[in-house]
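Chain and residue survey
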Amino acid sequence: MITIHIDGKKYSVNEKDNLLKICLSFGLDIPYFCWHPVLGSIGACRQCAIKQFKNSKDTVGFIVMSCMTPAVDNTYISIEDSEVKKFRKSIIELLMNNHPHDCPVCEEGGNCHLQDMTVMNGHTLRKYRYNKRSYYNQNISPFIRHEMNRCITCYRCIRYYKDYSGGKSLGVYGTHDNIYFGCIDGDVLNNEFSGNLIEICPTGVFTDKLNLDNYSRKWDMQFAPSICQHCSIGCNISVSERYGKICRINNRYNGTLNHYFLCDLGRFNYGYINRKDRPLYPIELKKHQRVKISIQEALNTGANIFKKAKKVIGIGSPRASLESNFALYKLVGAENFYVSTLDIEQKCLDVIIKILFESGINIPSLREVENCDAILILGEDVTQVGARLALSIRQAIKSKAYKIAKKYKIESWHATAISNIAQNDKYPLFLTNFYKTKLDDISSWSYYAAVEDQARLGFAIANSIDCNSPCVIDFNNTLKNKVNLIVKSLINAKKPLIISGVHSGSSTIIEAAGNIARSLKCKGSDVSLILLSRYTNSIGLSIIGQKTLNSALKEINNGKADTLVILENDLYRYAPKQSIDSALTKAANIIAIDHQNTDTVKKANLVFPTASYVESSGTVINNEGRAQRFFQVYNPSYYDNNIILLASWRWLHYLKNKINNCDVSWKSLDNVIDDLIVNFPNLKEIKSASPNANFRIHGQKISRLPCRASGRTAILANKNIHEPRQPQDVDTMFTFSMEGNNQPQSHNSQIPFAWYPGWNSVQSWNKFQNEIGGELIHGDPGVKIFTTTKTLLPWFNNIPNAFIPSNFWRIVPLYKLFDSEEMFQRDPIFQQIALDPILLLNKEDAYKLKFSNNIIVQFTCLGQIFKFPIKTSSKLQSGQIGLPIGMPGVPLFLINRNIDNLQEVI
C-alpha cells in the first residue's frame, strides 16, 4: 500500500491500480468514457483528466489522464482544480459536436452514461451551429438496434466484442473524424455475448430492440433482483416491468459470478412471460370443455381427486424453485415424488452430487475460472450449454498476457501495451466433443469422437498423472502423444481446471473428469472442477428426489398409480411421445401446475396457473452448489383482478391443507424455507441466500422503483380514478412502489436496479462495490451449500469400451444456445430467427448410403418417426449422427440412442 493525496486528503491505496480506478473506488466522481473495469485503459476519450502536482508545494501542476497514470507513493492530484474541470468540459463539448439532439426519443434516455457525464461536467450550452456528421444504420441483429449517429468514438464496443468476447463480425472502419463501427454488408452480430454491447456502449449506438415492444423510461419501471433461469450457471439479472409486461433484462453485478456480463439467452429470453395464451386462471376439464373456475373450486376439485385416487405420483421440475418442488414432495410424500429427469441424466446428476459433496475438489466460481492457467473440457460444448462460463474460459486462456506483462513490469490495466507484448500467446485449452465448438478458435487441441472414446481419453489422462488411477486397456496409441501434452500442461499449471457435465448423456465422462481432478489433487495441485447440469435448479431438484421420469411412467402404464401431479414440466420434451400419450391416457386424473400452455398442460383435466419466476420468489441451486434467491418483480393481479396466478408452492400447500382439512401454515416464503431445511438439513445454508421478509433499512423495506417514478398513480386511471393500494409483499424485503429505501447497497447485496445520485446508467454499479471490479459492499449474493471436505472419493473405474461403428448409428447431441432452450421456443421471436433442425452425418457414411446434402431422411426410434434434412461433415466421427437436441421435435430421450433404419424419404 502507498499513500496519495487527492484534493488535500490523504488515502492509502494499491500501487497496482491507476488513478482513475483508485478515485472511483473511494467514491470520488471522475467522468470517463473509453475506460471500463474489465477492458482496461487506452486513454482515447481524454475525459478522465485530472491535475497532478510534483509535490505538496507545487501550485501549477500539469494535466494527466487518470486512466493512464499509475499510482506512485506520495502523489498529489486534484479532481476539482478549475483548469482541469474546464478541460473536461471542453472535451465533452467537442464530443457532443456531432452527437444528435435526440435524448427525448433515444431509448437510452435516463439510462445513459453520456447524459450523466455531460451533467457531471456542467456542459449545458452548445456553441456548434453547423451540419452534423451522419451515417446509415445497419440491421445487425434481431435483438440489437444500431444507431451510429450517436457514437462518440470511445472504442469500447470493438474492444469488448473482438478482444474480450472473441467476436468476429463487428469491425471499425474509416479514419480521423469519420469512424464507423458496424458489420461488413450482409453480416450480423453472431457472437453469443453481443447483447452486452447495449451496456458497454456509453451512448445509444447499441440499444435493446426487444425493449421497444414494451418501452418505458428507467424511472417508470419496476425492478427486482433475479436469477437467470435458462442454464445451470445462475447468472444474476435485474428484471424490469411496466403495465404488467416484462420490458427488459439487464445484467445484475455479482463480483463472484457473472461480473459485468450476461449471455444473449439470459438477456433476451423473456418473451414467453408476456405471452397472452398463458394459463391465467384455474381451468377444469368438464364434458370435454376447458372451463374457468375459481380458486376455491379448483382446490375442492383437486382435493376430491386426491381422496378418490388409488395412488398419486408427483413429478418435480428442474425449472421450478426448491420451495415449489418441496411443496410437491410434501403433498404426495417422499415415496411418490419423482423428477422429470430421464434415467441417463439422473445417473449423471447422482455422480455430480456425490462429487460436490464428497470429493474434496474445489468447485470454482466464474471469476475464479478466469484465474486458471490450463483447462481441459470433456464432452461439453460450453458456449451452447453454459455460455457465460465460455466467456470466463476465454479470459482465462488470454490471461497469460498479464503474466508476460508482469515480467516486463507493465501494469495490468494498460490494455494496449499488454496486447502488444503478449502477441496472442495463450494458456493451453484442450477440449473434447462430438463435433466442433465455438471455443475451437482458442483451443490448443480439439478432439472429436464418440462419448466412450472421450471418456477413455479422460481416464488415460488421469492414469498418466497418477498411476493409482484405473488403467485404460487397449488405449489408442495414436493419442498417447496428445495425452502426454495434456498431462504436462495440467501438471505444470498453478491452477488447472477440468470441466464436464451431463449434456453428453454419459456418467462415465463425468467420472473421468473426477479421476483427473483427484489425480492432480493427489499431486498437490490447486485443481478445480466444474460439472455442468442442464437446468437452473437441476442440482436442487436432485437433492430432494432421485426417482426418474422413466420410473414414474412405468408406475402409470403398469396401473400402479392413476393420478399425476405435474409441476412446471412439458413431459413431451423428455420422453417418447408414445410413452407419454399412453401414460396420460391411462391416468384417471392429471393435475398440471405451470405458467405455460404446453402440450402436457393441454392434456390435464385440472390446471393450476402458476406464477413464473418474475411473478414469484424462490431459491435455486446452480451447478457449483450456490443457492441463490430470485424475487417477484410485480403482481399481475394488480393490473387485472381476473388473473389468478399464485406461486406453485402456494397452490400445492393450499391443496394439501384442503385435503387434510387444516389451516394454512406456510404464510410466507420464509415459512417454506424453515420447513424445507428441517426435512433436508444439508440445505440449511439456503436460509442465508438472502435476508428474510422482515429485513428493513432504517425501518423501511427496499423500493422496487427508482425514486423518480412518474405516473404510477395513473396506471389504472382508465379503469378507476381511485388509486388502489399497492400489493403487499409478505415474502420478501421489497415494496411494490417507490416508497421505501432506494439505496440498499450500503446495507444489503440484493439490489433491484442500478442507480446512484448522478449515475443513472449501469455504470453506477461501480458505486456499489467495495473496490471497482471487486465484490459488492456487503458481499456478493448467494451462498454455497457444499463445504470442501479433506477426504477424497475412491477412484471411478467404470471405463467404457471403445466405440466401434457397426450396423447402427449413434445419435449424439448438438446443442444450440437459443434453439435448444425450452422457454425460448415459446418466445414469439423464435419463429422469426429459428432454423429447422438438421441431421448431421459423417461424409463417408453419407457417401456409402448415397446421401447428399439437404435430402430428407427419416428413422424410427421407440415408435416415433423422425424426419430431417441432412448436412454432411468430416468432423463428425463415422457411425454417429448429430441432432440439435432440445429443439421442437427433437426430445431428450434421443441422446445416445442407437438406430438402424436411417433411410431417404422418397
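Okay, so let's go over this structure. (Residues numbered from 1 in each chain as written. Predicted model: local features only at pLDDT ≥ 70, side-chain atom pairs only at ≥ 80, totals over all residues. Heavy atoms only, no water.)

Regarding the overall build of the protein chain
A tally of helices and strands in the protein chain yields 26 helices and 36 strands. A compact globule built from 906 residues would reach a C-alpha radius of gyration of about 29 Å, and the protein chain, at 28 Å, matches this within 12%. If one aligns the C-alpha atoms of the protein chain with their principal axes, the spans along those axes are about 90 × 80 × 60 Å. The buried share of the protein chain, reckoned over its 906 residues, is 64%. The long-range fraction of contacts in the protein chain, counting pairs at least 24 apart against all pairs at least 6 apart in sequence, stands at 74%. Counting only carbon and sulfur atoms, one obtains 49% of the accessible surface of the protein chain, whose full area is about 35,400 Å². Averaging the coordinates of the 104 positive side-chain charges in the protein chain and doing the same for the 81 negative ones gives two points 1 Å apart. (Helix = DSSP H or I, 4+ residues; strand = E, 2+ residues; numbered from the N terminus. Rg over C-alpha atoms; globule rule 2.2 N^0.38 Å. Buried < 20%, exposed > 50% of the residue type's maximum accessible area, 1.4 Å probe, protein only. Contact = heavy atoms within 4.5 Å. Areas by Shrake-Rupley, 256 points an atom, 1.4 Å probe, with all protein chains shown as cover. Lys, Arg positive; Asp, Glu negative; His and termini not counted. Charge placed at Lys NZ, Arg CZ, Asp CG, Glu CD.)

Brief notes about unusual backbone geometry
The backbone phi angle of aspartate 7 is positive, close to 50°, even though this residue is not glycine. Among the structural elements, aspartate 7 can be located in the loop between strand E1 (2-6) and strand E2 (9-13). In this structure aspartate 7 comes out as partly exposed when scored by relative accessible area, which is 35%. Backbone geometry at asparagine 896 places phi at a positive 65°, although glycine is not the residue there.

Re the sheet that holds strand E21 (residues 528-532)
Judged by pairing direction, the sheet is parallel, and its five strands sit side by side in the order E19-E18-E17-E20-E21 without closing on themselves. The outermost strands of the open sheet, each flanked by one partner alone, are strand E19 (445-448) and E21. On average, each strand axis in the sheet is tilted by 10° relative to the strand beside it, whichever way the strands run. The pairing of strand E17 (residues 374-378) with strand E20 (residues 496-501) spans four bridges and is classified as parallel. By the bridge assignment, isoleucine 375 is partnered in E20 with leucine 497. (Pairing = 2+ DSSP bridges. Axes fitted to C-alpha atoms, helices over the stretch in contact; angles between N-to-C directions.)

Regarding the pattern of salt bridges
Counted by the stated rule, this structure contains 33 salt bridges. Residues aspartate 441 and lysine 168 are paired through a salt bridge, measuring 3.4 Å at the closest nitrogen-oxygen approach. Taken together, the positions of aspartate 441 in the loop between strand E18 (429-433) and E19 and lysine 168 in the loop between helix H4 (156-164) and strand E7 (170-175) put the pair 273 residues apart, joining distant regions of the chain. By relative accessible area, which is 44% here, aspartate 441 ends up partly exposed. (Salt bridge = Lys/Arg side-chain N within 4 Å of Asp/Glu carboxyl O.)

Let's talk about the sheet that holds strand E26 (residues 626-630)
Across a sheet, strands are paired by hydrogen bonds formed along the backbone, either parallel or antiparallel in direction. Strand order in the open sheet made by the three strands is E25-E26-E29, with antiparallel pairing throughout. The open sheet has two edge strands, strand E25 (618-621) and strand E29 (783-784), and neither has a second partner. Summarising the sheet, E26 and E29 pair through two bridges and their orientation is antiparallel. Paired with arginine 626 across the two strands is lysine 784, which belongs to E29.

Quick look at the environment of isoleucine 715
Relative to the helices and strands, isoleucine 715 resides in the loop between strand E27 (702-703) and strand E28 (734-735). Here isoleucine 715 falls in the buried class, since its relative accessible area comes to 7%. Once the C-alpha coordinates of isoleucine 715 and tyrosine 639 are considered, the two residues, 76 residues apart in sequence, prove to be 8.5 Å apart. Other than its neighbours up to four places away in sequence, isoleucine 715 contacts Arg242, Tyr243 and Tyr639.

Describing the packing of aromatic side chains
Summed over all chains, the structure comprises 35 aromatic pairs. With a centroid separation of 5.4 Å and an interplanar angle of 25°, the aromatic rings of phenylalanine 859 and phenylalanine 866 are classed as stacked. For the pair phenylalanine 859 and phenylalanine 866, one class covers both residues: buried. Here the aromatic cluster, defined as three or more aromatic residues joined through ring pairs, consists of Tyr160, Tyr164, Tyr253, Tyr260, Phe261, Trp765 and Phe768. Taking the ring centre of tryptophan 795 as reference, the NZ or CZ of arginine 518 above it sits at 4.2 Å. (Phe/Tyr/Trp six-rings, centres within 6.5 Å; stacked < 30°, edge-to-face > 60°. Lys NZ or Arg CZ within 6 Å of the ring centre and 35° of its normal.)

Comments concerning helix H16 (residues 480-492)
The end-to-end C-alpha separation of H16 is 18 Å, in line with the 18 Å expected for 13 residues at 1.5 Å each. Every buried residue of H16 is listed here: Val483, Ile486, Val487, Ser489 and Leu490. An end-on view of H16 places all buried positions within 165° of arc, on one side of the element. Exposed positions of H16 whose direction lies more than 90 degrees from the buried face are Asn481, Lys488 and Asn492. Against E17, E18, E19, helix H15 (451-465), E20 and helix H17 (507-522) lie the buried residues of H16. (Expected span 1.5 Å × (residues − 1). Arc of directions from axis to C-beta.)

Considering helix H3 (residues 113-121)
Helical geometry note: an α-helix holds 3.6 residues per turn, so side chains three or four residues apart project in the same direction. By the burial criterion, the buried members of H3 are His113, Leu114, Asp116, Met117, Thr118 and Asn121. Its buried side turned inward, H3 meets helix H2 (82-96) and H4. Phi for glycine 122, located one or two positions after H3, is positive at around 75°.

Considering the environment of serine 749
Here serine 749 is to be found in the loop between E28 and E29. Distance from serine 749 to leucine 776, taken between C-alpha atoms, is 6.6 Å for residues 27 residues apart in sequence. Among all residues touching serine 749, those that are not within four sequence positions of it are Arg252, Leu776, His778, Gly779, Asp780 and Pro781. At 3.1 Å, the side chain of serine 749 and the backbone oxygen of histidine 778 are in polar contact. (Polar contact = N/O pair within 3.5 Å; in protein donor to acceptor, adjacent residues only side chain to side chain.)

Section: a positive patch on the surface
Residues Lys16, Lys403, Lys406 and Lys494 make up a contiguous surface patch of positive charge. Within the fold, lysine 406 resides in helix H13 (residues 400-407). A relative accessible area of 65% means that lysine 406 is categorised as exposed. (Patch = residues over 30% accessible without salt bridge, like charges linked within 9 Å, V, L, I, M, F, W, Y side chains within 5 Å.)

Remarks on the nonpolar core
Formed by 183 residues in total, the largest nonpolar core has its most connected members in Ile375, Leu389, Ile393, Leu839, Phe859 and Leu894. Counting residues per element, this core draws most heavily on helix H12 (residues 387-398), at seven residues. Here isoleucine 393 is in contact with Val369, Ile375, Ile377, Val382, Leu429, Leu439 and Ile499, once residues within four sequence places are set aside. Phe337, Ile539, Phe608 and Ala689 belong to the second-largest nonpolar core, a separate cluster that totals 103 residues. (Core = buried A, V, L, I, M, F, W, Y, C linked by side-chain atoms within 4.5 Å.)

Focus: the packing of H2 against H3
For the pair H2 and H3, the least separation of the axes is 9 Å and the interaxial angle reads 140°. Taken as axis vectors, H2 and H3 run oblique relative to one another. Viewed along their axes, H2 and H3 form a crossing whose handedness is left-handed. Between H2 and H3, the contacting residues are Arg88, Lys89, Ile92 and Met96 on the first element and Leu114, Thr118 and Asn121 on the second. (Parallel < 35°, antiparallel > 145°, perpendicular 65-115°, else oblique. Left-handed = near helix turned anticlockwise from the far one by under 90°.)

What about the side chain of asparagine 741?
Locating asparagine 741 in the fold gives a position in the loop between E28 and E29. The residues contacting asparagine 741, other than those within four sequence positions of it, are Ile697, His698, Gln700, Lys701, Ile702 and Ser703.

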